[in-house]
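Residue-level listing of the chains:
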Amino acid sequence: MTLLNDLVKNYLNSNLEVIFKTVGLETAKISNINRQILKEVTLAQWLLESARATSELAINANNFAGLKWRNPDMKGFAEPVKIKISSELGEVEFCKFTDINAFIIGYWKFLTRSPYKGLEEHTNTPENFIGFLKSKGYSSDPNYVSKIIKLLPEAQELLTNRGEVIIPSTLEQLQLIRAPKEVEIGQGFRVEGLAKLADSGKLLSVIIDDKFPAASVPINEDGKWQFNFVFNQNGNRQMVITINDQILKFNIKVVVPSNQKTQQISTSSVLAAKIELSGSVGIGGVNKADDVKAVKARLYELGYKWVGDPNSADRDRGLFDAIKLFQSIIIGRSTVSGDGRVDVGEMTHRWLQAANAPQWVLMPESDPDNGFVNGELAEIHDHHDFGTHWLADVIKAIAQDYQNSYRSTHPKAAPFAINDVSLPHGGDTPDHHGHETGMMCDVFLPKKNGNFGGIVWSSSEYDQDATRALLKSIRKQQLVRTGAVFFNDQQLIKEGLCTPLSGHSNHIHFEINAPLRS
């Protein structure tokens, strides 16, 4: 058996919960599904670092992660060994482990060192975990995260194939091997199972909650099937997997992460804040430690969680990007632009202290009883679910007005159904020019049968009366920018309810202004 096979087999049989307790990581903060995510992404990392277990360090020192010797942290877990590598002028001291199991434990011990404090808070996705390691100096390669993510499918496949799942020749029904019982919103996970060997090469159908189809899943030659998935709305979600007359049903509980629970707080729960700064913070700023912490703490409180630990004076792209996004929001831009610096007493500083400072939140959940559907949260392959609390409040007000003014007397009319807003951290999105600042929203077109979407304004199914009522409800809102309600229905344009714009025949697009600072 090759060294890589040994590594995979040993890691597959390792209990990360026990290892975390052994080395001192806070196991209560890392869920079962997160431990599986960590096992997969760290194996991908080791594939990269060790050139698939063929590097000198892997062969001679059982070190698959490029771990350098750190005394006294690694004493008792490894021994120092000097090895010449091409990227260094002289010999470098690395960790040498007695065997593969010692390496696995030693790797996690290495990550309990002070630079990686708080690691437990960054385990919900592969990108989050590796991005955290890189931000703390694990690698200087600017493409480190993307290189590892590209190897993730290979790592998952290795762990799956070493699982030694035996498919019985008499298997008559779809069987589930692996699926989580509980995940968080936005958390990637894997579903695996078995099918009859006679069905190899065929496609499985996957339906979510009896109405949302997912991508078809191929059955491998050995009868195994697997797919990755993510939910963007909480609740007790159901998956139904079928082929021919075989049906496999199971439920997954999707919960709101603790950071999103704080993001969905009401406007009144975030108050004005006095932020004393002795100098500028951000790109090109003075960046005194207390000032950096103060700005990070306020942005974190407002929902811009990617600034990092608010108790740390560390500065990285997360902080700079959050400042730029904040600056773009307060001047009502649709794209991100700003200098990324908070200057004492200037506009960004004043807005940070405001009682109505823009919070960054998950958009409202569907409320069918009130005639509102968030189709974006139901869309499993898209993540334009975030924006300002200003926009969230406007959306809820539109839904209420449309319900009261039209659907109360037309109960079979389509609901107010929204689509794209902005990505989880705002910024550039390949799907749109704009939609970067959480200040604009797309709306599905109503259909005469009470459904929505998938049509253009000239379609016979299009419900112009419902759309007219909906546009009136949108334009009633004080923050809506009346010149930026885009839709191409020629009659409604003549009525002054919307403005034509290329690409807006199949949906309505509206934007909001920033309110007066208070």
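Quick summary incoming for the structure in this document. Here the structure is a predicted model, which is why all the values come from computation and not from measurement. In this numbering scheme, every chain counts its residues from 1 along its sequence in written order. Reporting in this predicted model follows two pLDDT cut-offs: at least 70 for local features of residues, and 80 or more for side-chain atom pairs to be given and counted; totals over whole chains, interfaces and linings ignore these cut-offs and use all residues. The side-chain numbers reported here are obtained from all heavy atoms of the structure, hydrogens and water having been left aside.

## Section: helix α14 (residues 464–475)
No. 1: Relative to the 16 Å expected for 12 residues at 1.5 Å per residue, α14 spans 16 Å between its end C-alpha atoms, a close match to the ideal helical length.
No. 2: When accessible area is computed with a 1.4 Å probe and restricted to protein chains, residues below 20% of their type maximum are described as buried, those above 50% as exposed, and intermediate ones as partly exposed. Only DSSP runs of H or I reaching four residues or more are called helices, and only runs of E reaching two or more are called strands; each is numbered from the N terminus. Taken together, the buried positions of α14 are occupied by A466, T467, R468, A469, L470, L471, S473 and I474.
No. 3: N-cap assignment for α14: the residue whose side-chain oxygen lies 3.2 Å from the backbone N of D465 is D463. What a helix should span is 1.5 Å times the count of its residues minus one. Two N or O atoms form a polar contact when they lie within 3.5 Å of each other; inside protein one atom must be a possible hydrogen donor and the other a possible acceptor, and for residues adjacent in sequence the pair counts only when both atoms belong to side chains.

## Focus: the sheet that holds strand β9 (residues 224–229)
No. 1: Read from one edge of the open sheet, 3 strands run β3-β5-β9, paired in antiparallel fashion. Both outer strands of the open sheet, β3 (175–178) and β9, are each paired with one neighbouring strand and no more. Taken over all neighbouring pairs, the strand axes of this sheet differ in orientation by 30° on average, direction set aside.
No. 2: The sheet contact formed by strand β5 (residues 189–194) and β9 spans 6 bridges and is antiparallel. In the sheet register, R190 faces β9, and the bridge partner there is N228. Two strands are said to pair when DSSP picks up at least two bridges between them. Helix axes are fitted to C-alpha atoms over the stretch in contact, other axes to C-alpha atoms as well, and angles between N-to-C directions run from 0 to 180 degrees.

## Things to note about the nonpolar core
No. 1: Residues belong to a common nonpolar core when they are buried Ala, Val, Leu, Ile, Met, Phe, Trp, Tyr or Cys residues joined through side-chain atoms within 4.5 Å. W225, M239, I241, L299, Y304, F416 and F510 are the most contacted members of the largest nonpolar core, which has 88 residues in total.
No. 2: Looking at this core, the element that brings in the most residues is helix α13 (residues 389–407), giving 9 residues.

## Considerations on the packing of aromatic side chains
No. 1: Note on aromatic pairs: the rings of Phe, Tyr and Trp (six-membered ring only in Trp) are paired at centre separations within 6.5 Å, and the planes decide the class, stacked below 30 degrees, edge-to-face beyond 60, tilted for the rest. Under the defined criterion, the tally for this structure stands at 24 aromatic pairs.
No. 2: Relative to F103, the ring of F97 lies with its centre 5.6 Å away and its plane at 75°, an arrangement referred to as edge-to-face.
No. 3: Look at W108 and F129: their rings are 6.0 Å apart centre to centre, the planes differ by 40°, and that puts the pair in the tilted class. Here the residue W108 occupies a position in helix α5 (residues 100–110), and F129 occupies one in helix α6 (residues 126–135), the gap between them amounting to 21 residues.
No. 4: In textbook terms, an aromatic cluster arises when at least three aromatic residues are bridged by ring pairs, as seen for Y11, F20, W46, F64, F97, F103, Y107, W108 and F129.
No. 5: Criterion for a charge above a ring: Arg CZ or Lys NZ at most 6 Å from the ring centre, at most 35 degrees from the ring normal. A cation over an aromatic ring shows up here: K39 above the ring of Y11, its NZ or CZ 5.6 Å from the ring centre.
No. 6: The positively charged end of R113 is found above the aromatic ring belonging to F110, 4.5 Å away from the centroid.

## Here we look at the packing of helix α1 (residues 3–12) against α5
No. 1: The geometry of α1 relative to α5 is characterised by a closest axis approach of 9 Å and an angle of 60° between their N-to-C directions. The angle between α1 and α5 falls in the class oblique. Regarding α1 and α5, the two cross each other, and that crossing is right-handed. Residues L3, D6, L7, N10 and Y11 of α1 form the contact with α5, whose participating residues are I100, N101, F103, I104 and W108.
No. 2: Residues belonging to the contact of α1 with α5 are distributed by class as follows: 7 nonpolar, 2 polar and 1 charged. Throughout, the term roughly parallel applies to angles under 35 degrees, roughly antiparallel to angles over 145, roughly perpendicular to angles from 65 to 115, and oblique to all others. Helix crossings fall into two classes, left-handed where the near helix is turned counterclockwise from the far one by less than a right angle and right-handed where it is turned clockwise. Here, residues are in contact when the closest pair of their heavy atoms is within 4.5 Å. Here the term charged refers only to Asp, Glu, Lys and Arg, the term nonpolar to Ala, Val, Leu, Ile, Met, Phe, Trp, Tyr, Cys and Pro, and the term polar to all other amino acids, Gly among them.

## Side note on the pattern of salt bridges
No. 1: Throughout this description, the term salt bridge denotes a Lys or Arg side-chain nitrogen within 4 Å of a carboxyl oxygen of Asp or Glu. According to the stated counting rule, one finds 18 salt bridges in the structure shown.
No. 2: D199 is the partner of K202 in a salt bridge, and the nearest nitrogen-oxygen pair spans 3.2 Å.
No. 3: When its relative accessible area of 3% is taken as the criterion, D199 is described as buried.
No. 4: The structure contains a network of salt bridges with shared partners spanning E26, K29 and E121.

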